[in-house]
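Understanding the architecture of this molecule
Listed below, chain by chain, are the residues.
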Amino acid sequence: MDEKQSLYSAGDWRRIPICTFFKDARLVFKLDSLGREILSIALPAAMALTADPIASLVDTAFIGQIGPVELAAVGVSIALFNQVSRIAIFPLVSVTTSFVAEEDTLSGASSQVEESGCLEAGPLWMLKPKSSYHKKTLSVFWVSYRWNVHNSDLIGESLNIVKEVHKRRHIPSASSALFFGGILGIIQAILLISAAKPLLNFMGVTSDSPMLHPAQHYLTLRSLGAPAVLLSLATQGVFRGFKDTKTPLYATVAGDVTNIALDPLFMFVFRMGVSGAAIAHVNLKLSCPLSLLFLLLLLTSVISYFQVNVNVVIAVTFCVTLAASLAARQGSTSMAAFQVCLQVWLAVSLLADGLAVAGQAILAGAFANKDRDKATATASRVLQMGLVLGFALAFILGTGLHFGAKLFTKDDNVLHLIKVGIPFVALTQPLNSLAFVLMVSTLGHLILHIQPSPWWVVVAIISIICLLILSSAGGFIGIWVALTIYMSLRAFAGFLRIGTGSGPWEFLRS
């Protein structure tokens, strides 16, 4: 007994929550069972998450060929659209993923307990699904096994079990997310269409600005797809909860390829310009959720309540929108360069979001099973992978973006500002990766199970002050310095919660 206590005492320092980040760091590249599980979820999720930003980058490149004014106008419209969308997207997707993962884990465990009374030992254990998501696939093998092994008196029992297997799952969070996603999308569309001009004025696009007319047209047309955007993201959140990130990937890539094909057709062949880009984007957003929704309705049923606290979401996302507004107030050249840098910045940052999605789904399942060891190991591995990914992205962007800037515009003034922003875009990638992983992987629990941390509000206040002061003093460079401070504070706030074992990281102290 004394020996056991001494061993615990000797290893007490390892039980400090912040040490989770360094736990088993040598295994970060190892393809063990946990590594394979993370990558099997993270890689398709990252590809699906970056498919939209890549399509937006292609949009940006096409629009940049029209002129810097149109490029700047679209940049302001996208920043405004994204800010309104994120207020619903972050809690909707993250909470849905966490809840569906928990409910699917619990329903899978309970169904196995129920079936254990009528199943015999032996090879049948090989046919048991790990979660309820795999039941339909395994039902065919179940019928075959029962038919060949048992006599005819047991066939009726087999068919009854198969009938139960084919039942749609009772996942309240899934249908709740779809319902609220559609409602919030309709509200967003009405708001943006009816108040497009005053909102653009608030963003710094004045009534006499050449950006106003194309920005208003683009924002109005793109807002028509808002309900489909939120519905699509809600269905993706459900599939992520099932740890299925491949199905959303296929639907997203198919839609984005269509969007990229339609862009030059509408913009240059039909001579619709910026409006053509918006119409092509709306076509993508209308087609993508239909296939996902059809598949999802085959899997789930029922409706229940859905509550979120959006304070933390607004605090986290508002700073980027404010930065876009400040860039627009400096003129179309500054806004055009900011749009290119921001789209690249967000597109590559979302690769880390794929790791965060994997961490979120696995952590939710571990929490549901009260498996503290797996939760701790998952948190460690995902954070370490995020840091490695961040340094890799910094190197790639720092060396590659200098050569790729001319794909987006031929205006010399815009190109000069893009080159000024490249160091900030590249060097902030490690911070971005850690901030995304720390935030998204626990956002579902942060919003619903735990009181929001005041640190996110403090981060937002400090960042807003820095943006206002530095943008007026340093112009375009000042905006990116302030955004670098913002991402540094986000990463610091996340590490602070790990270090103290507070909020969603309380399990590290147990």
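Along each chain, residues carry numbers from 1 onward, in the same order as the chain's sequence is written. Only residues with pLDDT of 70 or above have their local features reported here, since the model is predicted, and side-chain atom pairs are shown and tallied only from 80 upward, although totals for entire chains, interfaces and linings are computed over all residues. Here the side-chain values reflect all heavy atoms present in the structure, with hydrogen atoms and water set aside.

**Regarding the packing of aromatic side chains**
How two aromatic rings sit relative to each other is set out by the distance from centre to centre and by the angle between their planes. Here is the rule: rings of Phe, Tyr and Trp (six-membered ring for Trp) pair when centre to centre is within 6.5 Å. Planes less than 30 degrees apart are stacked, more than 60 are edge-to-face, and the remainder are tilted. A full pass over the atoms with the stated rule returns 4 aromatic pairs. When the centroid spacing of 6.1 Å and the interplanar angle of 65 degrees are considered together, the rings of F62 and F268 count as edge-to-face. Taken as a pair, F62 in helix 2 (residues 33–64) and F268 in helix 10 (residues 246–269) lie far apart in primary sequence, 206 residues in all. Three exposure classes are used, based on accessible area relative to the maximum for each residue type with a 1.4 Å probe and protein chains only: buried under 20%, partly exposed in between, and exposed over 50%. By relative accessible area, F62 is classed as partly exposed at 22%. Taking 5.6 Å as the distance between ring centres and 90 degrees as the angle between the ring planes, the aromatic pair formed by W345 and W480 counts as edge-to-face. One end of the pair, W345, is in helix 13 (residues 332–368); the other, W480, is in helix 18 (residues 454–500), and 135 residues separate them in sequence. The class of W345 is buried, set by a relative accessible area of 3%. Taken together through their ring pairs, the aromatic side chains of F338, W345 and W480 make up a single cluster. Just above the ring of F81 sits the side chain of R222; from NZ or CZ to the centre is 5.1 Å. R490 extends its terminal NZ or CZ atom over the ring of F436, reaching a point 5.8 Å from the ring centre. Strands here mean DSSP runs of E at least two residues long; helices mean DSSP runs of H or I at least four residues long; both are numbered from the N terminus. Only when the NZ of Lys or the CZ of Arg is both within 6 Å of the ring centre and within 35 degrees of the ring normal is a charge said to sit over the ring.

**Some points on the pattern of salt bridges**
A side-chain nitrogen of Lys or Arg and a carboxyl oxygen of Asp or Glu constitute a salt bridge if their distance falls within 4 Å. Scanning all chains against the criterion turns up 4 salt bridges. Salt-bridge contacts for K243 lead to E37; the nearest nitrogen and oxygen are separated by 3.2 Å. Of the two residues, K243 sits in the loop between helix 9 (226–241) and helix 10 while E37 sits in helix 2, which places them 206 residues apart along the sequence. Note that K374 is salt-bridged to E37, the shortest N-O span being 3.3 Å. A residue pair is termed long-range when its members are at least 10 positions apart, and K374 in helix 14 (residues 372–404) and E37 in helix 2 qualify at 337 residues. You can call K374 partly exposed: its relative accessible area is 29%. A network of salt bridges, in which partner residues are shared, links E37, K243 and K374.

**Section: the packing of helix 13 against helix 14**
Whenever a helix is involved, its axis is fitted only over the stretch in contact; in every case the axis is a line through C-alpha atoms, and angles between N-to-C directions fall within 0 to 180 degrees. Relative orientation of the contacting elements helix 13 and helix 14 amounts to 170 degrees, with a least axis distance of 10 Å. Between helix 13 and helix 14, the crossing angle belongs to the class labelled roughly antiparallel. Residue-level contacts link V344, V348, L351, A352, L355, G359, I362, L363, A366 and F367 of helix 13 to K374, A375, T378, V382, M385, G386, L389, L393, L397 and L401 of helix 14. Each residue is assigned to one of three groups, with Ala, Val, Leu, Ile, Met, Phe, Trp, Tyr, Cys and Pro labelled nonpolar, Asp, Glu, Lys and Arg labelled charged, and all others, Gly among them, labelled polar. Here the contact of helix 13 with helix 14 is composed, by residue class, of 16 nonpolar, 3 polar and 1 charged. Note on terminology: angles under 35 degrees are roughly parallel, angles over 145 are roughly antiparallel, angles of 65 to 115 are roughly perpendicular, and the others are oblique. Every residue pair with non-hydrogen atoms within 4.5 Å of one another is taken to be in contact.

**Describing the state of the cysteines**
Note on terminology: disulfide denotes any pair of cysteine sulfur atoms within 2.5 Å. One pass over the full model with this rule turns up 0 disulfides. Of all cysteine sulfurs, the one in C466 lies closest to C319, which takes part in no disulfide; the gap is 9.3 Å. According to the relative accessible area criterion, C319 is buried, its value standing at 1%. Classification of C466 as buried rests on a relative accessible area of 18%.

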